[in-house]
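Architecture at a glance
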Amino acid sequence: MASNQQHIKLICDLSLIHSNAKWRYPGSWENYPKYGDPALYLDIARMLERGKFDGAFFADVAGTPMVNGSMKDTVELGVAWPRHDPIPMVSAMSVVTERLGFVTTMSMTYNHPFHAARMMASLDHVTRGRVAFNAVVSGFPQEGQNYGYDTIPDHEWRYDRAAEFQQVLTKLFASIEPDAMLWDQETGIVADASKVHRIDHEGEHFKVMGPLPVAPSPQGRPMQVMAGQSDSGMRLAATYADLQFAGANGHAGKGKHRARLDEMCRSVGRDPDDVGIVWAGSFDVVSGPAEEDEIRRKLREQYSDRLLHVFLSQWWGLDGYEIDPDAYVHDVIAEVRGAGIAPNWGYLDMAMTATTPTTSIRDYAREWLVYGAEYIGTPEQIADYMEEAFHASGANGGFMIAPRSGVPAGIERFVDEVIPVLQRRGLFRTEYSGATLRENFKGR
Ligand SMILES: Cc1cc2nc3c(=O)[nH]c(=O)nc-3n(C[C@H](O)[C@H](O)[C@H](O)COP(=O)(O)O)c2cc1C
């Protein structure tokens, strides 16, 4: 069996299984109460643990995106809407599982580091050491408008605040020593006060006295994930993250992205091996070409032009900016960059590399959502793809698979058909090796 470092890591993205028309894919959510109720999520948690998945992921964006100056399309079509806070669902899912990990998101732009540290440390207790914090700077304008800003704060300002946010987190997690708790029945002494420290942080953005009023949690400091793709995002991940979420086209694109992160790690004095990358993508398990055609047909029916347009507009953070579906991706990106209105720079870079100068917005959106499943194929083909992509990108990390066609059936099929192939090839665990997410993911 391969060592932990050589294992593919697998995370299942549950962020939008209720949204973007996924809920109405034939068979999806059948016999389950709609979004909000935990029943489906609890079954998925059990299923993922049966498949020995590393974790379940919940993204978070706390706003209702505007498209062409209105929220109507977003709400009517349910594109990334509604969005509940993921933390209560993570708590519920952790109770019905023993080893499955959870990656949950909080914004470093709109939350306070004291609140984030306290929440993540408390959640680490409830999940018994199985939580990771996806620390994002948030790129969606309407989120800012829910937190007192007229629009989204400037990109570099957000990263500057995030860097200080991370410094405060580091100090807070270190403010209580691992052996500080005594719970001494005889003496009635709860903690050794000499092992609990104020932090007295005072910076440009935050003033925090500390200490963190949470008993040391099973992971000490919960694992941390980052997903920024700009230079500032890459630098922050290189400095603080245990894991990066990334999207890159093809094996070569992944290799290039890995090299960029390695370089960034070295420039901040970090060992690149310390930071894994999990590649985001969708997947479909099929028995052969006939079923593949059938899935594509169903997906095409699901994604109207209107929905594709709303999705892309949101994803790029275009807010009120109207995009012509027949315009070329390269032209639109040049225009919105010039006008300084698209805050998600990393996504624009991804779109630029995935298209030619004559790819239209409509074709790109459709290609991406309908045909863009990176791992479409039979279980053997999916395993081939993963094995090649894993080795082409440094064999440190793995994949985040977003179920596209059918929930929970799509996940169940992955668990029952793809996992055994990966296991047979020695690429994936047959048992969890540790108790905490950090132990299972990083082997320490
Ligand atoms: C797999 C993945 C998951 C992400 N999850 C979130 C999220 O939950 N919330 C959020 O605001 N941004 C999320 N992002 C966006 C990134 O945090 C970041 O804002 C985006 O990649 C743009 O990065 P940049 O501003 O550094 O260019 C995610 C990105 C990726 C690739």
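Residues numbered from 1 in each chain as written. Predicted model: local features only at pLDDT ≥ 70, side-chain atom pairs only at ≥ 80, totals over all residues. Heavy atoms only, no water.

1. Remarks on the overall build of the protein
Scanning the protein from N- to C-terminus turns up 16 helices and 11 strands. Computed over the C-alpha atoms, the radius of gyration of the protein is 22 Å, within 12% of the 22 Å expected from 2.2 N^0.38 for a compact globule of 444 residues. The 444 residues of the protein split such that 54% are buried. The long-range fraction of contacts in the protein, counting pairs at least 24 apart against all pairs at least 6 apart in sequence, stands at 78%. (Helix = DSSP H or I, 4+ residues; strand = E, 2+ residues; numbered from the N terminus. Rg over C-alpha atoms; globule rule 2.2 N^0.38 Å. Buried < 20%, exposed > 50% of the residue type's maximum accessible area, 1.4 Å probe, protein only. Contact = heavy atoms within 4.5 Å.)

2. Thoughts on the environment of His-125
Position of His-125 among the secondary structure elements: in helix α4 (residues 113–126). A C-alpha to C-alpha distance of 26 Å links His-125 and Phe-399, two positions 274 residues apart in sequence. Residues in contact with His-125, not counting those within four places in the same chain, are Val-214, Ala-215, Pro-216, Ser-217 and Pro-218.

3. Section: unusual backbone geometry
Of the consecutive residues Trp-81 and Pro-82, the connecting peptide bond is found in the cis state with omega at -5°. Among the secondary structure elements, Pro-82 is positioned in the loop between α2 (72–77) and α3 (87–95). Omega for the peptide link from Val-407 to Pro-408 comes to 5°, which places this bond in the cis form. One can find Pro-408 in the loop between β11 (397–403) and α15 (409–424). For Arg-128, which is not glycine, the phi torsion reads 55° and is therefore positive. Along the chain, Arg-128 falls in the loop between α4 and β4 (131–136).

4. Some points on the packing of helix α14 (residues 379–392) against α15
The relative placement of two packed helices comes down to the angle between their axes together with the axis-to-axis distance. Their axes nearest at 9 Å, the elements α14 and α15 cross at an angle of 50°. Judged by the angle between their axes, α14 and α15 are oblique. As α14 runs across α15, the sense of the crossing is right-handed. For the pair α14 and α15, contact is made by Pro-379, Glu-380, Ile-382, Ala-383 and Met-386 and by Phe-414, Glu-417, Val-418, Val-421, Leu-422 and Arg-424, respectively. Along the lines of polarity and charge, the residues of the contact of α14 with α15 split into eight nonpolar, no polar and three charged. (Axes fitted to C-alpha atoms, helices over the stretch in contact; angles between N-to-C directions. Parallel < 35°, antiparallel > 145°, perpendicular 65-115°, else oblique. Left-handed = near helix turned anticlockwise from the far one by under 90°. Nonpolar A, V, L, I, M, F, W, Y, C, P; charged D, E, K, R; others polar.)

5. Looking at the site of the ligand
In the vicinity of the ligand there are 20 residues, among which Asp-60, His-155, Tyr-159, Ser-230 and Gly-346 approach most closely. Within the side chain of Thr-105, a nitrogen or oxygen atom sits 3.5 Å from an oxygen atom of the ligand. In this structure, Gln-229 approaches the ligand through a main-chain N or O atom, which is 3.1 Å from an oxygen atom. Elements with a minimum of two residues in the shell around the ligand: β4, α6 (155–173) and α12 (345–354). Here the residues of the shell around the ligand sort into 11 nonpolar, eight polar and one charged. (Near = heavy atom within 4 Å. Polar contact = N/O pair within 3.5 Å; in protein donor to acceptor, adjacent residues only side chain to side chain.)

6. A look at the nonpolar core
Counting residues in each nonpolar core, the largest one holds 82 residues, and the members touching the most others are Leu-10, Leu-14, Phe-53, Met-93, Met-386, Phe-399 and Phe-414. Every residue in contact with Met-386, bar those within four places of it in the chain, is listed here: Ile-8, Leu-10, Tyr-375, Phe-399, Ile-401, Phe-414 and Leu-422. Residues Tyr-25, Leu-318, Val-332 and Tyr-364 belong to the second largest nonpolar core, which totals 25 residues. (Core = buried A, V, L, I, M, F, W, Y, C linked by side-chain atoms within 4.5 Å.)

7. Looking at α4
The terminal C-alpha atoms of α4, which comprises 14 residues, lie 20 Å apart, in line with the 20 Å expected from a rise of 1.5 Å per residue. Immediately beyond the C-terminal end of α4, within one or two residues, lies Arg-128, with a positive phi of roughly 55°. (Expected span 1.5 Å × (residues − 1).)

8. Considering the side chain of Thr-105
Within the secondary structure layout, Thr-105 lies in strand β3 (residues 101–107). On the accessibility criterion, Thr-105 (3% relative accessible area) is buried. Separated by 2.8 Å, the side chain of Thr-105 and the backbone oxygen of Phe-58 make a polar contact. Side chain to side chain, Thr-105 and Asn-134 meet in a polar contact 2.9 Å long.

9. What to know about the pairing of strand β7 (residues 223–226)
Burial along β7 is two-sided: the residues Met-223 and Val-225 and Gln-224 and Met-226 are all buried. Taken together, the three bridges between β4 and β7 define a ladder with parallel strand orientation. Among the inter-strand pairings, Asn-134 is bridged to a residue of β7, identified as Val-225. (Pairing = 2+ DSSP bridges.)

10. Some words on the packing of aromatic side chains
Considering all chains together, one arrives at 11 aromatic pairs under this definition. Linked through ring pairs, Tyr-110, Tyr-147, Tyr-149 and Trp-157 together constitute an aromatic cluster. The positively charged end of Lys-9 is found above the aromatic ring belonging to Phe-441, 5.4 Å away from the centroid. Sitting over the ring of Trp-279, Lys-254 keeps its end group 5.7 Å from the ring centre. (Phe/Tyr/Trp six-rings, centres within 6.5 Å; stacked < 30°, edge-to-face > 60°. Lys NZ or Arg CZ within 6 Å of the ring centre and 35° of its normal.)

11. What to know about the packing of helix α1 (residues 39–50) against α15
Running from N to C, α1 and α15 cross one another at 15°; their axes reach a closest spacing of 9 Å. Considered as vectors, α1 and α15 are oriented roughly parallel to each other. Where α1 crosses over α15, the handedness of that crossing is left-handed. Across the interface between the two elements, Ile-44, Met-47, Leu-48 and Arg-50 from α1 touch Ile-411, Glu-412, Val-415 and Asp-416 from α15. Residue classes in the contact of α1 with α15 are distributed as five nonpolar, no polar and three charged.

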